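Examining the three-dimensional arrangement
Spelled out from the first residue to the last, the chains are:
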Amino acid sequence: MRLFFALWPPTDAAEQLAEVARATATRFGGKPTRAETIHLTLAFLGDVPEAQLPLLRQTAQSIRAEPFVLAIDCLGFWNRNHLLWAGNASPNVALAELIELLQQALTEAGFAVDGRNRIFTPHITLIRKLPEAVVPLTLPAIDLISWHCTRFALVCSKTPGAGATYQTLVDFPLSRR
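Residues numbered from 1 in each chain as written. Predicted model: local features only at pLDDT ≥ 70, side-chain atom pairs only at ≥ 80, totals over all residues. Heavy atoms only, no water.

1. Observations regarding the packing of aromatic side chains
This structure, assessed with the given rule, holds six aromatic pairs. The interplanar angle of 85° and the centroid separation of 5.3 Å between the aromatic rings of F4 and Y166 together place this pair among those described as edge-to-face. Taken together, the residues span a long stretch of sequence, with F4 in strand β1 (residues 2-7) and Y166 in strand β10 (residues 165-173) at a distance of 162 residues. A relative accessible area of 3% places F4 in the buried class. Each residue in the set F4, W8 and Y166 is aromatic and connected to the rest through ring pairs, giving one cluster. (Phe/Tyr/Trp six-rings, centres within 6.5 Å; stacked < 30°, edge-to-face > 60°. Helix = DSSP H or I, 4+ residues; strand = E, 2+ residues; numbered from the N terminus. Buried < 20%, exposed > 50% of the residue type's maximum accessible area, 1.4 Å probe, protein only.)

Right under this line is the structure:
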C-alpha cells in the first residue's frame, strides 16, 4: 500500500485552492490539482505492507499536538520537478511541530519517512507538469486561504490511469490530552 500522512482542508478551502490552481494553470500551463485531492503531506512513507497498518495507527495515535490554523498566503515554484505549490510565507510553528513529532515517531517505530534527512517545505501542490519553458519569475499573489486543523489522516494513494486518488484510512485528532 502506498501511504502518507496529511492534513486535509475543509471543502471551502479546497475549492479556493483548486480555483487558484485552475487560474494559474490557465496562465502558465500544466496540470492543476483537483479539489478532492488537495492536501498537505506531513510524512510520505511510500509502499508499506498492509500488515504494518496496526503499528502505523498506534504510532500516529501517540502524537500530541495542539490544533492550529493553517494560513496559506503565497505561491512557490520548484523548477526541478516543474511544480507550483501554495504555502505559508512565514513559518507555522505548530505545523512544524506536528511534522517533526510525526516523522520522529515514525522513524523510531522503524518506518522510512521519505525526505526525513533533508529540509522539508510544507506545501500544497497546485500544478504538476509545468512546461519547461515556464519559469514564473514573479508569481501571482493569492488571497489568504485558511483552515482550522483539528486532525490529520493516514492516506492510501492509488494512481490509476486518470490520475491519483486518495482514500483516508484513519483520522487522528490533534490534541495535547
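2. Comments concerning the nonpolar core
Counting 50 residues, the largest nonpolar core has F5, L7, L42 and F152 as its most contacted members. Top contributing element to this core by residue count: helix α1 (residues 11-28), with seven residues. Residue contacts for L42: discarding those within four places in its chain leaves F5, A6, L7, L95, L98, I99, L102, Q103, F120 and F152. (Core = buried A, V, L, I, M, F, W, Y, C linked by side-chain atoms within 4.5 Å. Contact = heavy atoms within 4.5 Å.)

3. Describing the sheet that holds strand β5 (residues 74-78)
Across the sheet, four strands lie side by side as β2-β7-β6-β5; this open sheet has antiparallel pairing. This sheet does not close on itself; its edge strands, each paired only once, are β2 (31-32) and β5. Judged from the three bridges that link them, strand β6 (residues 83-87) and strand β7 (residues 124-128) form a sheet pairing that is antiparallel. In the strand pairing of β7, A86 is matched with I124. Strand contacts of α1: β2, β5, β6 and β7, with the helix running at about 30° to β7, the strand carrying the most contacts. (Pairing = 2+ DSSP bridges. Axes fitted to C-alpha atoms, helices over the stretch in contact; angles between N-to-C directions.)

4. Observations regarding the state of the cysteines
Following the criterion strictly, the structure yields zero disulfides and no others. With no disulfide of its own, C149 has C74 as its nearest cysteine by sulfur position, at a separation of 15 Å. (Disulfide = S-S within 2.5 Å.)

5. Comments concerning unusual backbone geometry
Of note in the backbone geometry, H82 takes a positive phi value of approximately 55° without being a glycine. Within the secondary structure, H82 is located in the loop between β5 and β6. One non-glycine residue, K129, lies in the positive phi region at around 60°. Structurally, the position occupied by K129 is in the loop between β7 and β8 (145-149).

6. Details of α1
The periodicity of an α-helix, 3.6 residues per turn, causes residues three or four places apart in sequence to face the same way. Taking 1.5 Å per residue as the helical rise, α1 with its 18 residues ought to reach 26 Å, and the 25 Å between its terminal C-alpha atoms agrees with that figure. Those residues of α1 that sit buried are A13, A14, L17, A18, V20, A21, T24, A25 and F28. Down the axis of α1, the buried side of the element spans an arc of 155°, and every buried residue falls inside it. Opposite the packed face of α1, turned more than 90 degrees from it, sit the exposed residues T11, D12, T26 and R27. Residues of α1 that are buried sit in contact with β2, β4 (68-72), β5, β6, β7 and β8. Downstream of α1 by a residue or two, G29 has a phi angle that is positive, lying close to 100°. (Expected span 1.5 Å × (residues − 1). Arc of directions from axis to C-beta.)

7. Digging into the pairing of β4
Residues F68, L70 and I72 line the buried face of β4, whereas the alternating positions V69 and A71 sit on a face that is not buried. Sheet topology note: the β4/β8 ladder contains five bridges and is antiparallel. When the sheet's bridge partners are listed, A71 is paired in β8 with S146.

8. A short note on the pattern of salt bridges
Going through the model one piece at a time under the given rule, you end up with three salt bridges. We note a salt bridge from E19 to R22, for which the minimum N-O separation is 3.0 Å. In this pair, E19 and R22 are both assigned in helix α1, three residues apart and thus about one turn of the helix distant. Among the ionic pairs, R151 bridges to D171, the shortest N-O distance being 3.9 Å. (Salt bridge = Lys/Arg side-chain N within 4 Å of Asp/Glu carboxyl O.)

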